[in-house]
Amino acid sequence: MDTVELILSVPDVDQEWLIGLLSDSATGFVQEADTLRAYVPAEAWSPADREALSARLHAAGYPDALTVRAIADTNWNTTWEADLAPVRAGPFLLCTTAATVPPEHADATVLRIDPQMSFGTGHHATTRLALRLLADAVTPGDHVIDVGTGTGVLAIAACRRGAASVEAVDTSPRATANARENVSRNEGADCVTVRDGSLDAVPSGRADLVVANITRAPLLSLLPALRDRLRPDAPLILSGLLQTDADRMREALAEQDLLVRDTQTEDGWWAVRAAPAPR
Ligand SMILES: C[S@@+](CC[C@H](N)C(=O)[O-])C[C@H]1O[C@@H](n2cnc3c(N)ncnc32)[C@H](O)[C@@H]1O
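What counts, and at which threshold
Residues numbered from 1 in each chain as written. Predicted model: local features only at pLDDT ≥ 70, side-chain atom pairs only at ≥ 80, totals over all residues. Helix = DSSP H or I, 4+ residues; strand = E, 2+ residues; numbered from the N terminus. Rg over C-alpha atoms; globule rule 2.2 N^0.38 Å. Buried ≥ 20, exposed ≤ 12 C-beta atoms within 10 Å, placed from the backbone. Domains from an automatic or database assignment. pLDDT = per-residue confidence, 0-100. Contact = placed C-beta atoms within 7 Å. Near = placed C-beta within 6 Å. Nonpolar A, V, L, I, M, F, W, Y, C, P; charged D, E, K, R; others polar. Pairing = 2+ DSSP bridges. Axes fitted to C-alpha atoms, helices over the stretch in contact; angles between N-to-C directions. Expected span 1.5 Å × (residues − 1). Arc of directions from axis to C-beta. Parallel < 35°, antiparallel > 145°, perpendicular 65-115°, else oblique. Left-handed = near helix turned anticlockwise from the far one by under 90°. Core = buried A, V, L, I, M, F, W, Y, C linked by C-beta atoms within 7 Å.

Looking only at helices and strands, the protein chain features eight helices and 14 strands. Taken against the 2.2 N^0.38 rule, which gives 19 Å for 279 residues, the C-alpha radius of gyration of the protein chain at 18 Å falls within 12% of a compact globule. Relative to its 279 residues, the protein chain shows a buried fraction of 42%.

A separate point is the domain arrangement of the protein chain. According to the domain assignment, the protein chain consists of domain 1 (3-81) and domain 2 (84-276). Centre-to-centre separation of domain 1 and domain 2, based on C-alpha positions: 24 Å.

Moving on, we come to the confidence of the model for the protein chain. Detailed reading of the predicted model is not advised wherever pLDDT is low. Of the residues in the protein chain, 94% have a pLDDT of 70 or more, and the chain-wide mean is 90. A low-confidence stretch, residues 74-82 stays under pLDDT 50, and its non-local contacts, those more than four residues away or across chains, total eight contacts.

This next bit is on the site of the ligand. In the vicinity of the ligand lie 23 residues, with Gly-120, Thr-127, Gly-148, Gly-150 and Ser-198 positioned nearest. Of all the elements in the fold, those that place two or more residues in the shell around the ligand are helix H4 (125-137), helix H5 (153-160) and strand E9 (165-170). In terms of residues, the shell around the ligand owes the most to one element, H4, which gives three residues. Its residues assigned to classes, the shell around the ligand comprises nine nonpolar, 13 polar and one charged.

All right, on to H5 then. Of all the eight residues making up H5, eight are buried; the element is thus mostly covered by neighbouring parts of the structure. Among the residues of H5, Val-153, Leu-154, Ala-155, Ile-156, Ala-157, Ala-158, Cys-159 and Arg-160 are the ones counted as buried.

Phi is positive for Asp-257, which is not a glycine, with a value near 65°. With respect to the element layout, Asp-257 can be found in the loop between helix H8 (246-255) and strand E13 (258-266).

The next subject is the sheet that holds strand E14 (residues 269-276). Reading across the sheet, the seven strands line up as E10-E9-E8-E11-E12-E14-E13 and stay open at both edges, with mixed pairing between neighbours. With one partner strand each, in any of the chains shown, strand E10 (192-196) and E13 form the two edges of the open sheet. On average, each strand axis in the sheet is inclined to that of its neighbour by 20°, with strand direction left out of account. Alignment of strand E12 (residues 236-242) against E14, held across five bridges, turns out to be antiparallel. If you follow Leu-241 over to E14, its bridge partner there is Trp-270. Contacting strand E8 (143-147), strand E11 (209-213), E12 and E13, helix H7 (residues 216-228) runs over the sheet at an angle of about 165° to E12.

With that out of the way, let us pick up the sheet that holds strand E5 (residues 87-89). Taken together, the three strands give an open sheet; going across it, the order is E5-E6-E7, and neighbouring strands pair in mixed fashion. Two strands lie at the open edges of the sheet, namely E5 and strand E7 (109-112), each paired on one side alone. When strand polarity is set aside, the average angle formed by the axes of neighbouring strands in this sheet is 25°. Summarising the sheet, E5 and strand E6 (residues 92-95) pair through three bridges and their orientation is antiparallel.

What follows covers helix H6 (residues 173-185). Given 3.6 residues to a turn, an α-helix orients residues that are three or four positions apart in the same direction. In a regular helix each residue adds 1.5 Å, so 13 residues correspond to 18 Å; H6 covers 19 Å between its end C-alpha atoms and thus fits that length. Taken residue by residue, H6 has Ala-175, Thr-176, Asn-178, Ala-179, Asn-182 and Val-183 as its buried positions. All buried residues of H6 fall inside an arc of 165° around its axis, so they share one side. Turned more than 90 degrees away from the buried face of H6 sit Pro-173 and Ser-184, all of them exposed.

Packing of H4 against H5 brings their axes to within 10 Å, and their N-to-C directions diverge by 20°. Relative to H5, the element H4 lies roughly parallel. H5 is crossed by H4, and the crossing has right-handed handedness. On the side of H4, the interface is formed by Thr-127, Ala-130, Leu-131 and Leu-134, while H5 contributes Val-153, Leu-154, Ala-157 and Ala-158.

Time to look at the pairing of strand E2 (residues 28-31). Along any regular strand the residues' side chains alternate between the sheet's two faces. Note: E2 against strand E3 (residues 36-41), four bridges, orientation antiparallel. Note that in E3 the partner of Gly-28 across the bridge is Tyr-39. Here E2 folds back onto E3 in antiparallel fashion, the turn holding four residues.

Glancing now at the nonpolar core. Formed by 62 residues in total, the largest nonpolar core has its most connected members in Leu-134, Ala-158, Val-192, Val-210 and Ala-271. If you look at the next biggest cluster of nonpolar residues, it comprises 13 residues, including Leu-18, Phe-29, Tyr-39 and Leu-57.

What follows is the structure in structure tokens.
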């Protein structure tokens, strides 16, 4: 199936809001100093989308910044393998199966992620923020839920930290197919079960840890249901939020009786670890 590559000639200071804008439709991003590349399934891209994006770029002072081209999946795979350098996030090192682990990362827990067309390589700050918060939040034997698993990166990381089971869900069939492949590529990740759909695809029951790296709108609407899946004291990690979303998310967490325990920021992105208030 074809993919559309959006080549946006904008400096890195203006790339984050574009990632926020495109994150519901794009399945991957590559950031360079003066160019952002976003990859969108061809069926999710229309002339109206192009017009709307051009108008936003025009309003932001970039009238000629957008180039669009169709690419085939095979090109995509080659692109990823060539471009993805290993990335460190907390105790984890994320790299493709073809990559060699650099000696300075000999202490890292290595996660082998071949993203195909999914999000979750560690090259985006939201994944790194979630991984750092997750590293300290998993207790061996935990039952974990990962909503919006993408490449499966957070689920695999939880498993490698000693989780007993991880339920990983994603509404994109491409993502779940890729997550299953990545689970099978990583030794010690067989505690992950990947399911198509969202939180309601996870068998009923509460978890010791829930993670969701999506975007502001779905996180806000899922929040009561995420809250219902937490055992008393269980951490909830949310990522995919811009720093400008932090106040709204703090309010929403308070409405659900969730206390903010930790926050992290990187490149204008914000992630939070919260937990149910003691009763
Ligand atoms: C930003 S990516 C995160 C991938 C990975 N978990 C990471 O941390 O890098 C968000 C993923 O959530 C999925 N998604 C979006 N809305 C969703 C929803 N309501 N329920 C489940 N998955 C969703 C998208 O298909 C995408 O794969």
